[in-house]
Structures are given as C-alpha cells and as structure tokens.
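Spelled out, the chains give:
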Amino acid sequence: MKILFLACLSPKTGNNTTAERIRSHIEKAGHTCELRDAREFQSSAEVAELLSRHHFQSALGIHLFKAGRFLLDIQIPFGIIFGGTDINEDVKVEQKRVVMEQVLLKARFAVAFTEELKKEAEVFMLSQSSKIYVQPQGVQTDVSDSFSWTEFLKSAGLHTEHVNDLRVFLLVCGLRRVKDPLYLADDFSEWHCDDPLNVLIIIGPKVSGDTMISLPDKFVEVWITAGISVALERSQQELHAAMKRCFAVVNSSVSEGMSAAILEAMDLGVPVLARNIPGNASIVQHEFNGLLYSSPQEFVHQSQRLVSDRELRERLVRNGKLYVEEHHNLKRERETYQQLVDTLLTE
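What counts and what doesn't
Residues numbered from 1 in each chain as written. Predicted model: local features only at pLDDT ≥ 70, side-chain atom pairs only at ≥ 80, totals over all residues. Heavy atoms only, no water. 1 Å grid on protein atoms, 1.4 Å probe; cavity = no way out; pocket = protein on both sides within 12 Å on 5 of 7 lines; lining within 4 Å. Points joined across faces, edges and corners; volume = space filled by probe spheres on them. Helix = DSSP H or I, 4+ residues; strand = E, 2+ residues; numbered from the N terminus. Nonpolar A, V, L, I, M, F, W, Y, C, P; charged D, E, K, R; others polar. Domains from an automatic or database assignment. Polar contact = N/O pair within 3.5 Å; in protein donor to acceptor, adjacent residues only side chain to side chain. Contact = heavy atoms within 4.5 Å. Pairing = 2+ DSSP bridges. Axes fitted to C-alpha atoms, helices over the stretch in contact; angles between N-to-C directions. Salt bridge = Lys/Arg side-chain N within 4 Å of Asp/Glu carboxyl O. Buried < 20%, exposed > 50% of the residue type's maximum accessible area, 1.4 Å probe, protein only. Core = buried A, V, L, I, M, F, W, Y, C linked by side-chain atoms within 4.5 Å. Disulfide = S-S within 2.5 Å. Right-handed = clockwise from strand over helix to strand, strands pointing away.

- Per an unreviewed UniProt entry, the chain carries the name Glycosyl transferase family 1 domain-containing protein and comes from Takifugu bimaculatus.

What about the layout of surface pockets?
1) Next: Estimates place the volume of the second largest pocket at around 400 Å³.
2) Next: In terms of lining, the second largest pocket is formed by 23 residues, of which the most central are Thr17, Glu20, Arg21, Gln140 and Gln236.
3) Next: Those elements giving two or more residues to the lining of the second largest pocket turn out to be α1 (14–27), α8 (236–245), α9 (260–268) and α13 (330–342).
4) Next: Of the residues forming the lining of the second largest pocket, the biggest block, six residues, is contributed by α1.
5) Next: Its residues assigned to classes, the lining of the second largest pocket comprises four nonpolar, 12 polar and seven charged.
6) Next: When residues of the lining of the second largest pocket are assigned to domains, at least three fall in each of domain 1 (2–138 + 329–343) and domain 2 (149–327).

Concerning the side chain of Lys179
1) Next: For Lys179, the position within the fold is in the loop between β7 (167–172) and α7 (185–194).
2) Next: In terms of polar contacts, Lys179 uses its side chain to reach the side chain of Glu256, at 3.1 Å.
3) Next: Discounting residues that sit within four places of it in the chain, Lys179 has contacts with Cys173, Gly174, Ser252, Ser253 and Glu256.

Here we look at the sheet that holds strand β4 (residues 78–81)
1) Next: Taking strand neighbours across the sheet as the criterion, the six strands line up as β2-β1-β3-β4-β5-β6 in an open arrangement whose pairing is parallel. Unpaired on one side and paired on the other, β2 (32–37) and β6 (132–134) mark the two borders of the sheet. Across the sheet, the mean angle separating the axes of adjacent strands is 20° when strand polarity is ignored.
2) Next: The sheet contact formed by β4 and strand β5 (residues 109–112) spans three bridges and is parallel. Of the residues in β5, the one forming a bridge with Gly79 is Phe109.
3) Next: The strands touched by α1 within the sheet are β1 (2–7), β2, β3 (58–62) and β4, with β2 carrying the most contacts at an inclination of about 165°.
4) Next: Relative to β5, α13 is tilted by about 165°, and along the sheet it contacts β1, β3, β4, β5 and β6.

Some thoughts on the domain arrangement of the chain
Reports of interface size often rely on the accessible area that becomes lost once the parts have come together.
1) Next: On domain assignment, one finds that the chain holds domain 1 (2–138 + 329–343) and domain 2 (149–327).
2) Next: Computed from C-alpha coordinates alone, the two centres of domain 1 and domain 2 are separated by 29 Å.
3) Next: The partner domain 2 presents 19 residues to the 18 residues of domain 1 that form the contact.
4) Next: Counting across the interface, domain 1 meets domain 2 through zero salt bridges.
5) Next: Our count for the contact surface shared by domain 1 and domain 2 stands at four residue pairs in polar contact (both at pLDDT 80 or more).
6) Next: Those elements that place two or more of their residues in the side of domain 1 that touches domain 2 are α3 (85–88) and α5 (115–124).
7) Next: Partitioned by chemical class, the residues of the side of domain 1 that touches domain 2 number four nonpolar, 10 polar and four charged.

Re the pattern of salt bridges
1) Next: Scanning the entire structure with this criterion turns up 19 salt bridges.
2) Next: In this structure, Glu20 engages Arg23 in a salt bridge whose closest nitrogen and oxygen atoms are separated by 2.9 Å. Within this pair, Glu20 and its partner Arg23 are both found in helix α1, separated by three residues, close to a single helical turn.
3) Next: You can call Glu20 partly exposed: its relative accessible area is 35%.
4) Next: Across the pair Asp37 and Arg39 runs a salt bridge whose closest N-O atoms are separated by 2.7 Å.
5) Next: Using a relative accessible area of 11% as the deciding quantity, one classes Asp37 as buried.
6) Next: Take Arg39: its relative accessible area is 43%, and that puts it in the partly exposed class.

A look at the nonpolar core
1) Next: Counting residues in each nonpolar core, the largest one holds 90 residues, and the members touching the most others are Phe5, Val47, Phe82, Phe152, Leu153, Leu170 and Ile201.
2) Next: With six residues, α9 is the largest single contributor of residues to this core.
3) Next: With near-sequence residues (within four places) excluded, Leu170 lies in contact with Phe152, Ile201, Ile203, Ala242, Met243, Cys246, Ala248, Val249 and Val250.

A look at the environment of Arg245
1) Next: The residue Arg245 is located in helix α8 in this model.
2) Next: Expressed as a C-alpha distance, the spacing of Arg245 and Leu170, which sit 75 residues apart in the sequence, is 9.7 Å.
3) Next: Excluding anything up to four places from it in sequence, Arg245 contacts Trp149 and Asn164.

Observations concerning the state of the cysteines
1) Next: Within the structure shown, the criterion is met by zero disulfides.
2) Next: Of all cysteine sulfurs, the one in Cys33 lies closest to Cys8, which takes part in no disulfide; the gap is 16 Å.
3) Next: On the accessibility criterion, Cys8 (15% relative accessible area) is buried.
4) Next: Summary of cysteine pairing: Cys246 is not part of a disulfide, and the nearest cysteine sulfur, belonging to Cys173, is at 13 Å.

What about the pairing of strand β12 (residues 272–275)?
1) Next: Neither face of β12 is open: one carries Val272 and Ala274, the other Leu273 and Arg275, and all of them are buried.
2) Next: Pairing analysis gives three bridges linking strand β11 (residues 248–251) to β12, with the strands arranged parallel. Residue pairing for β12: Val250 is matched across the bridge by Leu273.
3) Next: Taken together, β11, α9 and β12 constitute a β-α-β crossover, and its handedness is right-handed.
4) Next: Inspection of the sheet shows β12 paired to strand β13 (residues 291–293) by three bridges, in the parallel sense. In the strand pairing of β13, Leu273 is matched with Leu291.

What follows is the structure in structure tokens.
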C-alpha cells in the first residue's frame, strides 16, 4: 500500500523525529510511506491533487488541525495522530475545534500518546472514544561516538578551564512560545551567581513563525543572562551524546503531548526536571522517575536537592530507565501502527 504521511517537519524537532520513527514502522511492514511537510500545502485541494497524481491509497497525519485539515476532502481512508498542541491549545479556538471534530469524525482511527490526551479529546470534541487508541511514544536513543563535550560547551560560550566540574542543565526544545525556554532564566541566573558551577544550556532549532520567541539575533555563543546560554541545534546522535553528559535534562513547556526529550533522557540514564503540566505529569512521577516543579523557585529547590542528594539522583535514574523499558517499548509501538495501518486496507 502507498501511504501519504503529513506532519510538520521542522528539522531536528520532536515532531520530525516522531514522524520518521512511525514512517519506519510502517515501511517495515512492507508499505511505501511518503513523508511530506504539512506546511508545503495551502489547501486540501492541493493534497487531493497530489494523492491522485501519485496514486496514494491511504493517508496519515500528525496533528488534528495542522495536518488533519488537509485530509478532510480526500477520497481515500486516513488515520490521524494527536500532536499534543492540538488538544492542549488549538481546541480552545472555536474555528480550529470545529475542523478537528470533522477530522476525528472522518478518520478511520486516531492515536493519542496518553490516556490524558484521549480524555481531553473526549471532553472538548464530539465523542469518538471507540476509534481513539492510546499508544505511548516508543523510545530509541543513539549516541554519537565522535561527540566532543568540550567543543559542545565552547559552542555555547563556555570557555572555562573547569568544564568537567560544571553541572550542566540541558533544556532541549524548539525556540517557541509553547516551550517557554526563558521561563527559568531569572531564577537560574541568580542561582548561578551563588554557585557558578551551575549552568543552563538551551538547545534546539529556532522555529520560524508567529510562535517564535524573541532571542538576541546572534543567539548562538551568546549569553542570554549570567549562567544561561543557547547552543546551536545538533543532529540526533550529537544531541543524545550531549544529554548523556549533562547533569540533568530540563523541560519548561507550557503544554506538551509527550516530550520525547524527557523519555530520551530517562533512557540515557539522565535525571529529568519537568514543569508540572498534564503532559509531563503523565510520564514523570515526582521523586520516582523524575522531579516536577510548578515555579522557577521550585525548580531551583528541586535542582539543589538533586545536587546534594546522591541517593535521590540514583533512584530517579534507575526508575526512569525501567519506566521507559516498560511503557515506551519500540517493538510494541511498531506493532500498534502496523495493525492500525492494516485497517486502512479494508473498505
């Protein structure tokens, strides 16, 4: 079967990684799956024309609005995958919510990463519970052998002679408002001034569009404020290598579907400090496999605990690894998507 797969494919983002992983699952079942950036299209008519010209037999999309709206008028069966911001944010806009309801009604199946996302969809949109499947994201980490920690720190403006003594907190995110990357800036900077070994590096692509945050023009190798800098985005292998070397991985998002960075950090044996929002709380159990915080002040407090309490750190690392192995199994994810795609074959 030839399948068109639409998703927002900003390079080196979680969306891109998720879409590529799911595409791989589908192709391993013997299908042809062509991944296209939803932002290439202006209307559903353009997508319909593409489908006809290249003889696609079915379609998939990630995000009920950004991708799903282009699938409403097509004449072939399709499935849809919740993106997170569609249910957490876009559903609040009436015009978008109506479109997403129509997408959910027409889709053969829908996939939510968590039970919480499924419940939110059922609350805010016409009930389609029977066609919504819950499949947590699978995790696959790959660490670069050629990665240089010292060079990475230099790229973020850290030229200190004591690089091995630094406690690097790594905030992995696209530079967008929904990720709120400067949420911790003031309090972290104050903490850094008290203890200069603590530094925060923000790493991720500068995503274009009206949701982009305002950063200095020369945002690479520039300190935003004392103790905080922004590093140039890296390949997935290099990013995983940086995560494995850092002291802790941080999430400061306003909303999340399911943070790939959190799961990858757990898989790599790195402690996680995540903002206490529903998407994060669905995978981070406070003091068991990670630490949750609800304010910048609480973030500093939890970070100080992580610095001083070795037993806590070891417990979080151990339980995080076990959690990913049990709940985010790549083989299970592959089987789910292969089974769901098979339903697109039946009339």
